[in-house]
Every structure is written in C-alpha cells, then in structure tokens.
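Here are the chains, one letter per residue:
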Amino acid sequence: MKSMTLADEAATEKLGRDLTAALPEDAGGWMILLRGELGAGKSTLARSMIHALGHEGNVPSPTYTLVEPYHLNGLAVYHVDLYRISESSELEFLGWSDLRDGLLLIEWPERVEGLEAQADVLVDLSYRGEGRNAEVSAISARGTVMLEAVLL
Ligand SMILES: Nc1ncnc2c1ncn2[C@@H]1O[C@H](COP(=O)(O)OP(=O)(O)O)[C@@H](O)[C@H]1O
Ligand SMILES: [Mg+2]
C-alpha cells in the first residue's frame, strides 16, 4: 500500500493519469475500486482516467444511471457507482456480467460484499486538511505489477 497526499484537485487528476498510464494496453477485465466518503474525489479520479483513456467531453456522474459506458480506442470502460445498490443480487439489474469484459472503475464498492476480493487495485481517498489523502493498494497479482510501475 502506498499513501500519498493530494494537495488539490490537480493532484487527484495527476494520480488518475499516472494510474491509467500503468494499465496494460488491453485493460479489459480490470477492476479498479474507488473508495471514500462523499466529496473525497472518487469521481474526479475516474473522470481523469476516462479522459486519459481518450474520452473528450464531459464525464457525467453515474449516481443515478449507476453505469456510464464508454468505448475508447477499442476498450469498453464502465464507470460505475454502487451507492444506490444495497445487496449484491441487485447487480443483475445492471447487467453486471456484461460489464466484466471491460475496464471497471467503481465508486462505492463497499456496497457490494465480496467485490474487493475480485478487484485489481483499490484507491482509498480521504479528507486531509484542504486536500485529500490517497491510499493505493494492489489486490491482485497483476495489480501489484501495475502499481510497481506507478508508485515510485
Ligand atoms: N485533492 C483534492 N484536494 C481538494 N479538493 C479536491 C481534491 N480532489 C478532488 N477535489 C474536489 O472535491 C470535490 C468532490 O469531488 P468528487 O470527485 O465529486 O467526489 P466523490 O465522487 O468522491 O463524491 C470536487 O469539487 C473536486 O474538485
Ligand atoms: Mg462521485
């Protein structure tokens, strides 16, 4: 686990770019969890990653739609917000199994028990003064390899 201070929004965006750069060229099937309370910067980080993957234009919050899909340079990217999910059985309504081939960026992953064990990387964001703190952890073996490239 690597802990870092994100002094401002630009630092959160840079972390998003750095994480994206460390992903393999085909990041289909990867799962990145974004944890942290309301306003901690989960959507800022996801937005930065989606832009770094080649999306131009805005990145709406999936708070109400639950999933916002993108197709970027041949890669399916799903920005997911599980805040409104209260049990894992509800994932079926999202067409969850159809999302697993894409790159998943998931806010509020703790709403679904057992999700963490399936993920590659966990980013835990918290408030620190005017800024934020990020704890970035690898969960899978390939996540460990990926983070070795980015967390210097
Ligand atoms: N490192 C940071 N320091 C200070 N403010 C930040 C930082 N990162 C993001 N923010 C700001 O925090 C606010 C909430 O961010 P958002 O990404 O919507 O949070 P979440 O999705 O976790 O609810 C935004 O106004 C954003 O500009
Ligand atoms: Mg959000």
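Structure's up top.
What comes next is a walk through the structure. (Residues numbered from 1 in each chain as written. Chains lettered and ligands numbered in written order. Predicted model: local features only at pLDDT ≥ 70, side-chain atom pairs only at ≥ 80, totals over all residues. Heavy atoms only, no water.)

### Examining the overall build of the protein
Stated formally: By the criteria applied, helices consist of DSSP H or I runs no shorter than four residues and strands consist of E runs no shorter than two, each listed in order from the N terminus. Within these notes, the globule rule equals 2.2 Å times the number of residues to the 0.38 power, and the radius of gyration is based on C-alpha atoms. Residue burial is assigned from relative accessible area. The probe radius is 1.4 Å, only protein chains are included, and a residue is buried under 20% of its type maximum, exposed over 50%, and partly exposed in between. Residues are treated as being in contact if the distance between any of their heavy atoms lies within 4.5 Å. Using the Shrake-Rupley algorithm and a 1.4 Å probe, accessible areas are obtained, with residue cover drawn only from the displayed protein chains. Under the convention used here, Asp and Glu are negative, Lys and Arg are positive, and both His and the chain ends fall outside the count. By convention, the point assigned to a charge is CZ for Arg, NZ for Lys, CD for Glu and CG for Asp.
Of regular secondary structure, the protein possesses four helices and seven strands. The order of α-helices and β-strands along the protein, N terminus first, is β-α-β-α-β-β-α-β-β-β-α. At 14 Å, the protein has a C-alpha radius of gyration in line with the 15 Å of a compact globule built from 152 residues. A principal-axis box enclosing the C-alpha atoms of the protein has dimensions of 40 × 35 × 30 Å. A buried classification covers 49% of the 152 residues belonging to the protein. Sequence-distant contacts, at least 24 apart, represent 63% of the contacts inside the protein between residues at least 6 apart. Of the accessible surface of the protein, which amounts to about 7,800 Å², a share of 48% is contributed by carbon and sulfur atoms. Positive and negative side-chain charges in the protein, numbering 12 and 24 respectively, have mean positions lying 5 Å apart.

### Here we look at the layout of surface pockets
Put simply, the test is: The method works on a 1 Å grid over the protein atoms by themselves. A cavity is a set of points holding a 1.4 Å probe that cannot get out, a pocket is an open set with protein on both sides within 12 Å along at least five of seven lines, and residues with an atom within 4 Å of a point line them. Grid points are joined across faces, edges and corners, and a volume is the space filled by probe spheres set on the points. Under the grouping applied here, Gly and all other residues not named as nonpolar or charged are polar, the nonpolar ones being Ala, Val, Leu, Ile, Met, Phe, Trp, Tyr, Cys and Pro and the charged ones Asp, Glu, Lys and Arg.
Empty space within the largest pocket amounts to approximately 180 Å³. For the largest pocket, the full set of lining residues is L38, G39, A40, G41, K42, S43, S61, T63, D81, Y83, E107 and W108. Here the lining of the largest pocket is built from residues that sort into four nonpolar, five polar and three charged.

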